[in-house]
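Letter by letter, the chains look like this.
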Amino acid sequence: MTINESRFLSDLHKLREFGASGVGKGVVRPAYSEADIAARKWLAQKMADAGLAPHFDPVGNLFGLAPGRSLLLGSHSDSQPEGGWLDGALGVVAALEVARSVKQPISVVSFQDEEGRFGVTTGSAVWSGGLPLDKADSLTDASGITFAEARSSMSDLSDDFVDPARFEGFIELHIEQGPTLDAQGDQIGVVTDIVGIRDVVITFDGQQNHAGTTPMHLRRDAFQAVSQFNAMINNRFKNMVTPQTVWTIGRVDLHPNASSIVPGRARFSMQWRDGDANRLERMEEIIREAAKEVAESVGLGLSFGTMLGLEPVSMDIKLRSALQMGAETVAPERWQKIPSGALHDATNVARLMPVAMLFVPSIAGISHDFSEDTAESDLVAGLRVLEHAVLSLNA
Ligand code: HGY
Ligand code: MN
Ligand code: MN
């Protein structure tokens, strides 16, 4: 039995109808949203149709379980607030297609909240033991809803987690989400390592006041503190980062967020990533020092939320070589080894078993945006490499 390309592509397009944004092929399917829950129900039925046993664990990770020991394939089906149609979804549908095409036992998974509405790859972090369930339950999203409240909105959750011992390993097909493969005309990337990450919410508390009558030298302006902090870390990072190191202030909530009021409070997300754990540590020291200096100089309160993070992880050599052989067969001269600057569930699963990943190109390197897309021929090439790798592992 071999894979059925049109069935794979039609399921991929069907999945993007859940939470379709109406802008290009984009989706709005955050964890535990109506669209996410409906998509998971549809996936569960597809898994059952493929002869797998659907199982929702206590946090909404959806497994399609093959009997006995099996290789686990999959990714996630939740999206960013403005998500692309392939981020995560590609890996889940490709896993389903391989599971229903090859003879050997393949289990399928769609992890929950990989996109971090609540934490960082929350569903697989809980399943892999990286994040205790009670700690996850107290995490909140930007609007203050807790993880516990959100997951209680899913009706068919079971009380038990799937035993990881039933799986021999995990392979995740994913879009690159970066510019490399597309710019270099390659069709396949075999991942060598996944970067580590740190993510924390920082709060500056100053003095809310009138924007017209409060002289500049008397202000304790929380936004000015964020601006000074940002300039300070950019300067202090200069001589200790590499071109692959990234850091992002992606969300800034000012209170009360009004044009005629000096903001008394600024709460902002601070995230940084690198392939070297020591460099992540050093960056954290610089961040904490800079925030403290700014708070003291402007006379502000300062607090840090829960620090979330994952360490850099290398891919399993045996699984990686199966992917490399598949890539050489399917896309000779058009594949490369590549590190992942994006985070993936594979990082958490690596705590439990051997893992490996493969990428297909993102057009213009765009992702986490409604315009995210990949050529259909590249999607099918990724699926074929996955099939080849799975068959060679079972040979
Ligand atoms: O942020 C990430 O790297 C992943 O796409 N959630
Ligand atoms: Mn993803
Ligand atoms: Mn993503």
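Just so you know, these numbers come straight off a predicted model, no measurement behind them.

1. Topic: the site of ligand 1
Okay, step 1: Lining the immediate environment of ligand 1, one finds Asp-87, Glu-114, Glu-115, Gln-177, Arg-273, Ala-342, Leu-343 and His-368.
Okay, step 2: Backbone polar atom of Leu-343 to an oxygen atom of ligand 1: 2.7 Å apart, as the coordinates give it.
Okay, step 3: Taken by itself ligand 1 offers 210 Å² of open surface, and the protein chains cover 89% of this.
Okay, step 4: Split into classes, the residues belonging to the shell around ligand 1 amount to two nonpolar, two polar and four charged.

2. Side note on the coordination of the manganese ion (ligand 3)
Okay, step 1: Surrounding the manganese ion (ligand 3) are the protein donor atoms Asp-87 (OD), Glu-115 (OE), Glu-115 (OE) and His-368 (NE2), at 2.1 to 2.5 Å.
Okay, step 2: The sequence motif formed by the donor residues of the manganese ion (ligand 3) is D-x27-E-x252-H.
Okay, step 3: Between the manganese ion (ligand 3) and the manganese ion (ligand 2), both coordinated by Asp-87, there is a metal-metal distance of 3.4 Å. In this pair, Asp-87 is assigned in the loop between strand 3 (70-76) and helix 3 (89-99) and Glu-115 in the loop between strand 4 (106-111) and helix 4 (122-127), connecting sequence segments 28 residues apart.
Okay, step 4: With relative accessibility at 5%, the residue Asp-87 sits in the buried group.
Okay, step 5: Assessed through its relative accessible area of 11%, Glu-115 is described here as buried.

3. Side note on the coordination of the manganese ion (ligand 2)
Okay, step 1: Those protein atoms acting as donors to the manganese ion (ligand 2) are His-76 (NE2), Asp-87 (OD) and His-174 (NE2), and they sit at 2.1 to 2.3 Å.
Okay, step 2: For the manganese ion (ligand 2), all donor residues lie on one chain, and their spacing in sequence is H-x10-D-x86-H.

4. What to know about the side chain of Asp-221
Okay, step 1: Note that Asp-221 resides in the loop between strand 8 (209-210) and helix 8 (222-237).
Okay, step 2: A polar contact is formed between the side chain of Asp-221 and the backbone nitrogen of Gln-224, at a distance of 3.1 Å.
Okay, step 3: Non-local contacts of Asp-221, meaning those with residues more than four positions away in its chain, are made with Val-262, Pro-263, Val-298 and Leu-300.

5. Quick look at the layout of surface pockets
Rolled over the atoms, a probe sized like a water molecule indicates the empty space that remains.
Okay, step 1: Put simply, the second largest pocket is a space of about 200 Å³.
Okay, step 2: Taken together, Leu-71, Gln-104, Pro-105, Glu-168, Gly-169, Asp-316, Lys-318, Leu-319, Pro-354, Leu-393 and Asn-394 make up the full set of residues lining the second largest pocket.
Okay, step 3: Looking at the lining of the second largest pocket, the elements with two or more residues in it are strand 5 (167-175), helix 10 (317-330) and helix 12 (376-394).
Okay, step 4: When grouped by side-chain class, the residues that make up the lining of the second largest pocket number five nonpolar, three polar and three charged.

6. Thoughts on the pattern of salt bridges
Okay, step 1: Inspection of every chain in the model, using the stated rule, returns 22 salt bridges.
Okay, step 2: Of the charged contacts in the structure, one is a salt bridge between Arg-117 and Asp-141, with a shortest N-O distance of 2.9 Å. Of this pair, Arg-117 sits in the loop between strand 4 and helix 4 while Asp-141 sits in the loop between helix 5 (133-137) and helix 6 (147-151), and the two are 24 residues apart along the sequence.
Okay, step 3: Ionic contacts of the salt-bridge type, sharing partners, join the residues Arg-7, Asp-11, Lys-46, Glu-97 and Arg-100 into one network.

7. Examining the nonpolar core
Across soluble globular proteins, nonpolar side chains show a tendency to be buried alongside one another.
Okay, step 1: Counting 67 residues, the largest nonpolar core has Phe-8, Leu-73, Leu-90, Ile-188 and Leu-379 as the members making the most contacts within it.
Okay, step 2: In terms of residue count, the dominant contributor to this core is helix 3 (nine residues).
Okay, step 3: Residues within four places of Leu-90 in sequence aside, it is in contact with Phe-8, Leu-12, Leu-173, His-174, Ile-175, Val-360 and Leu-379.

8. Some words on the pairing of strand 3
Okay, step 1: With seven of seven residues buried, strand 3 is to be regarded as a mostly interior element.
Okay, step 2: Relative to strand 5, strand 3 runs parallel, the two sharing three bridges. Across the sheet, residue Leu-73 finds its bridge partner in strand 5, namely Ile-171.
Okay, step 3: In the classification by handedness, the crossover that spans strand 3, the intervening helix 3 and the parallel strand 4 is right-handed.

9. Focus on the pairing of strand 2 (residues 62-65)
Okay, step 1: Residues Leu-62 and Gly-64 point to one face of strand 2 and Phe-63 and Leu-65 to the other, with burial holding for every one of them.
Okay, step 2: Following strand 1 (residues 53-56), the chain reverses through five residues before pairing antiparallel with strand 2; Gly-60 in that reversal takes a positive phi of roughly 95°.
Okay, step 3: Summarising the sheet, strand 2 and strand 4 pair through three bridges and their orientation is antiparallel. Paired with Gly-64 across the strands is Val-108, a residue of strand 4.

The rules we used
One numbering rule holds for all chains: residues counted from 1, following each sequence as written. Whichever chain is written first is A, and whichever ligand is written first is 1; the rest continue in order. Where local features are concerned, this predicted model is filtered to residues with pLDDT of at least 70; where side-chain atom pairs are given and counted, the filter is 80 or more; whole-chain, interface and lining totals use all residues. Neither water nor hydrogens contribute to the side-chain values; these are computed over all heavy atoms in the structure. Residue proximity to a molecule or strand is established when one non-hydrogen atom of the residue lies within 4 Å of it. We call two N or O atoms a polar contact when they sit within 3.5 Å, provided that within protein one can donate a hydrogen and the other can accept it, with sequence-adjacent residues counted only if both atoms are side-chain atoms. All accessible-area figures derive from a Shrake-Rupley calculation using a 1.4 Å probe, and residue coverage is judged against the displayed protein chains alone. For this classification, the nonpolar set comprises Ala, Val, Leu, Ile, Met, Phe, Trp, Tyr, Cys and Pro, the charged set comprises Asp, Glu, Lys and Arg, and every other residue, Gly included, is treated as polar. Only nitrogen, oxygen and sulfur atoms count as donors, using a 2.8 Å cut-off from the metal that widens to 3.2 Å for Na, K and Ca. Water is left out, so coordination shells may look unfilled. Under the DSSP-based scheme used, a helix requires at least four consecutive residues in state H or I and a strand at least two consecutive residues in state E, with every element numbered from the N terminus. Working definition: with a 1.4 Å probe on protein chains only, accessible area under 20% of the residue-type maximum means buried, over 50% means exposed, and in between means partly exposed. Residues are treated as being in contact if the distance between any of their heavy atoms lies within 4.5 Å. Computed over the protein atoms alone on a 1 Å grid, cavities are sets of points where a 1.4 Å probe fits but cannot get out and pockets are open sets with protein on both sides within 12 Å along at least five of seven lines; a residue lines them when it has an atom within 4 Å of a point. Grid points are joined across faces, edges and corners, and a volume is the space filled by probe spheres set on the points. Counted as salt bridges are all cases of a side-chain nitrogen of Lys or Arg within 4 Å of a carboxyl oxygen of Asp or Glu. Grouping buried Ala, Val, Leu, Ile, Met, Phe, Trp, Tyr and Cys residues that are joined through side-chain atoms within 4.5 Å yields what is termed a nonpolar core. DSSP-based pairing: two strands are paired if at least 2 bridges between them are found. The path from the first strand over the helix to the second decides the hand: if it runs clockwise while the strands point away from the viewer, the crossover is right-handed.

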